[in-house]
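# Topology and contacts: notes
Here is what each chain is made of, one letter per residue.
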Amino acid sequence: MSTDAIVLLKEDHKEVRRLFKAFQDAEEGPASERRKLVKQILEALTVHTYLENEVMYPEVRRLVPDIEDDILESYEEHHVADVLCFELFTMDPDDERYNAKTTVLIESVLHHVEEEEQEWFPKVREALGRNQLQEIGERMIELRKKAPKTPAAPKALKKSLDAMRA
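For clarity, every value in this text was computed on a predicted model and none was experimentally measured.

## Here we look at a negative patch on the surface
Taken together, the side chains of Asp69, Glu73, Glu114 and Glu119 present a region of like negative charge at the surface. Of all the secondary structure elements, the ones that give two or more residues to the negative patch are α3 (68-90) and α4 (98-127). Topologically, Glu114 is positioned in helix α4. Residue classification places Glu114 among the partly exposed residues on the basis of a relative accessible area of 42%.

## So, the pattern of salt bridges
This structure, assessed with the given rule, holds 13 salt bridges. For Asp12, the salt bridge identified is with Arg144, shortest N-O distance 2.9 Å. Note that Asp12 is positioned in helix α1 (residues 5-26) and Arg144 in helix α5 (residues 130-144), a separation of 132 residues in sequence. Lys101 is the partner of Glu87 in a salt bridge, and the nearest nitrogen-oxygen pair spans 2.6 Å. Remark: Lys101 occurs in helix α4 and Glu87 occurs in helix α3; sequence separation between them is 14 residues. By relative accessible area, which is 29% here, Glu87 ends up partly exposed. Connected through salt bridges with shared partners, the residues Glu59, Arg62 and Arg139 form a single ionic network.

## So, the packing of aromatic side chains
Per the counting criterion, the structure on display carries three aromatic pairs. Look at Trp120 and Phe121: their rings are 5.3 Å apart centre to centre, the planes differ by 80 degrees, and that puts the pair in the edge-to-face class. With respect to burial, Trp120 and Phe121 carry one shared label: buried. An aromatic cluster of three or more residues is present, and its members are Tyr57, Tyr75, Trp120 and Phe121.

## What to know about α1
An ideal rise of 1.5 Å per residue puts 32 Å on 22 residues; α1 measures up with 32 Å between its terminal C-alpha atoms. All buried positions along α1 are accounted for by Ala5, Ile6, Leu8, Leu9, Asp12, His13, Val16, Leu19, Phe20, Phe23 and Ala26. One side of α1 carries all its buried residues, which in axial view fall inside an arc of 165 degrees. Facing away from the buried surface of α1 by more than 90 degrees, the exposed residues are Lys14 and Asp25.

## Notes on the nonpolar core
Core analysis: the largest hydrophobic core is formed by 23 residues, its most contacted members being Met56, Val60, Trp120, Val124 and Met140. When residues of this core are assigned to their parent elements, the largest contribution, seven residues, is made by helix α2 (residues 31-63).

The rules behind these values
Residues numbered from 1 in each chain as written. Predicted model: local features only at pLDDT ≥ 70, side-chain atom pairs only at ≥ 80, totals over all residues. Heavy atoms only, no water. Patch = residues over 30% accessible without salt bridge, like charges linked within 9 Å, V, L, I, M, F, W, Y side chains within 5 Å. Areas by Shrake-Rupley, 256 points an atom, 1.4 Å probe, with all protein chains shown as cover. Salt bridge = Lys/Arg side-chain N within 4 Å of Asp/Glu carboxyl O. Lys, Arg positive; Asp, Glu negative; His and termini not counted. Charge placed at Lys NZ, Arg CZ, Asp CG, Glu CD. Helix = DSSP H or I, 4+ residues; strand = E, 2+ residues; numbered from the N terminus. Buried < 20%, exposed > 50% of the residue type's maximum accessible area, 1.4 Å probe, protein only. Phe/Tyr/Trp six-rings, centres within 6.5 Å; stacked < 30°, edge-to-face > 60°. Expected span 1.5 Å × (residues − 1). Arc of directions from axis to C-beta. Core = buried A, V, L, I, M, F, W, Y, C linked by side-chain atoms within 4.5 Å.

Set out below in structure tokens:
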């Protein structure tokens, strides 16, 4: 398994895309299936954004100052996703806005992922070497063990509150 931070994040992106597709395929299906898929989506996004916010973004911001604007935009995109995730966490899948809110979350996250993968990951890879990306990745792997799993977990809520104060 690679410890390269960008490879790890892209693997998370791939898993999230798979979950999004499964939700879209089940959108007209039973509420229990949608609830299960949204729970998996929320966990994947909560862990992923936590790792990016706590490790990847601060390190990249420090080491590659040329893309600071991209990092700041990414923090804000995470904040929007965090709010939607928390709202979905508190909703029932029979709520008339559940599918619509999930769709907005999916569209927002896919836009964010596209920007990361196409625009700033290549710049980061070029600026940092393999060793630095592996060191960052190792820290992310270690932190994953302690990462919040739901949007209502204290560490996840703190992240959202910090974003509102920034």
